[in-house]
Amino acid sequence: MSNATTWNALAATPLPEVRRRAAVMNELAEVAPVTVPGADRLAWNDRGGQSAVWYFAEDGRALLLTFDHESDLNLYAEEDYDLQESFYKGAPESLVALVRDQPENYESLNLTDPGTGRTIHYAGGVFWYDGTSWHVADGLTEYCESEGANLFADSGFDYCLRSYLFGQDFTPEAIVTARDKAGRYKSEEQKEADLLALREVFARHDQAH
């Protein structure tokens, strides 16, 4: 599986904290939260085709889909429903049902089964939480092993979860530091304004927890 640093950091993070970070990143990405039967959906995208989509089920489980449109695990051009379906193998059907026959959206386009007309969301990475531990869907693991794909890199997992800062402090200051290193700010005034805006976002979600 190559470098599993982010995976191990996610696994060590309590689910309420995972959800808090997902809620903050959802707002920062300007994605509207969605409720589907049995779960709440929160998402992030980089406006360039990469995304992370979280489904937090009412029973304490979760489903995470990641997508990198530039990787070999982007099946959008393949139009192979059975192959995409196979990526979900091993994940509980009650969680997979959250992305079956649902309206598509910016982060998750639909692939249609030509035989039945049923749909499922495209995903390069399929991960799920059983209430205690996170798992990689068996079908995704098997495909990566058979094709020699780098699971965490090619699924988009590493890239799409980078901004969540798993394994690190998740604060307005930490986000500003990361953005500063990436060259986002042209002045100290711009940096300070962003910090104040981030503090307001965090305050809303910290109060919710």
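Residues numbered from 1 in each chain as written. Predicted model: local features only at pLDDT ≥ 70, side-chain atom pairs only at ≥ 80, totals over all residues. Heavy atoms only, no water.

### With respect to the overall build of the chain
A tally of helices and strands in the chain yields 9 helices and 8 strands. In summary, the chain has a C-alpha radius of gyration of 17 Å against a globular reference of 17 Å for 209 residues, a match within 12%. Summarising its shape, the C-alpha atoms of the chain cover approximately 55 × 35 × 30 Å along the three principal directions. For the chain, with 209 residues in total, the buried portion stands at 49%. When contacts within the chain are restricted to residue pairs at least 6 apart in sequence, those whose partners lie at least 24 apart make up 60%. A total of about 10300 Å² of accessible surface is found on the chain, and carbon and sulfur atoms cover 48% of it. Within the chain, one finds 17 positive and 36 negative side-chain charges whose respective centroids are separated by 7 Å. (Helix = DSSP H or I, 4+ residues; strand = E, 2+ residues; numbered from the N terminus. Rg over C-alpha atoms; globule rule 2.2 N^0.38 Å. Buried < 20%, exposed > 50% of the residue type's maximum accessible area, 1.4 Å probe, protein only. Contact = heavy atoms within 4.5 Å. Areas by Shrake-Rupley, 256 points an atom, 1.4 Å probe, with all protein chains shown as cover. Lys, Arg positive; Asp, Glu negative; His and termini not counted. Charge placed at Lys NZ, Arg CZ, Asp CG, Glu CD.)

### As for the sheet that holds strand 1 (residues 34–36)
An order of 1-2-3-4-7-8 is seen for the 6 strands of this open sheet, with the pairing classed as antiparallel. The sheet terminates laterally at strand 1 and strand 8 (134–136), the two strands that pair on one side only. Ignoring strand direction, the axes of neighbouring strands in this sheet form an average angle of 20°. Where strand 1 lies against strand 2 (residues 39–45), 3 bridges are found, and the strand directions are antiparallel. Residue Thr 35 lies in a different strand from strand 2, and its bridge partner there is Asp 40. Across the sheet, helix 2 (residues 15–28) is in contact with strand 2, strand 3 (51–57), strand 4 (62–67), strand 7 (125–129) and strand 8; its angle to strand 2 comes to roughly 55°. (Pairing = 2+ DSSP bridges. Axes fitted to C-alpha atoms, helices over the stretch in contact; angles between N-to-C directions.)

### Overview of helix 5 (residues 138–147)
When helix 5 is considered as a whole, its buried residues turn out to be Gly 139, Leu 140, Thr 141, Tyr 143 and Cys 144. The elements touched by buried residues of helix 5 are helix 3 (81–87), strand 7, strand 8 and helix 6 (151–154). Count one or two residues on from helix 5 and you reach Gly 148, which has phi positive near 70°.

### Brief notes about helix 8 (residues 172–181)
The set of residues buried in helix 8 consists of Pro 172, Ile 175, Val 176 and Arg 179. Buried residues of helix 8 fall within an arc of 100° about the axis and therefore sit on the same side. Gly 183 sits one or two positions beyond helix 8 and adopts a positive phi of about 80°. (Arc of directions from axis to C-beta.)

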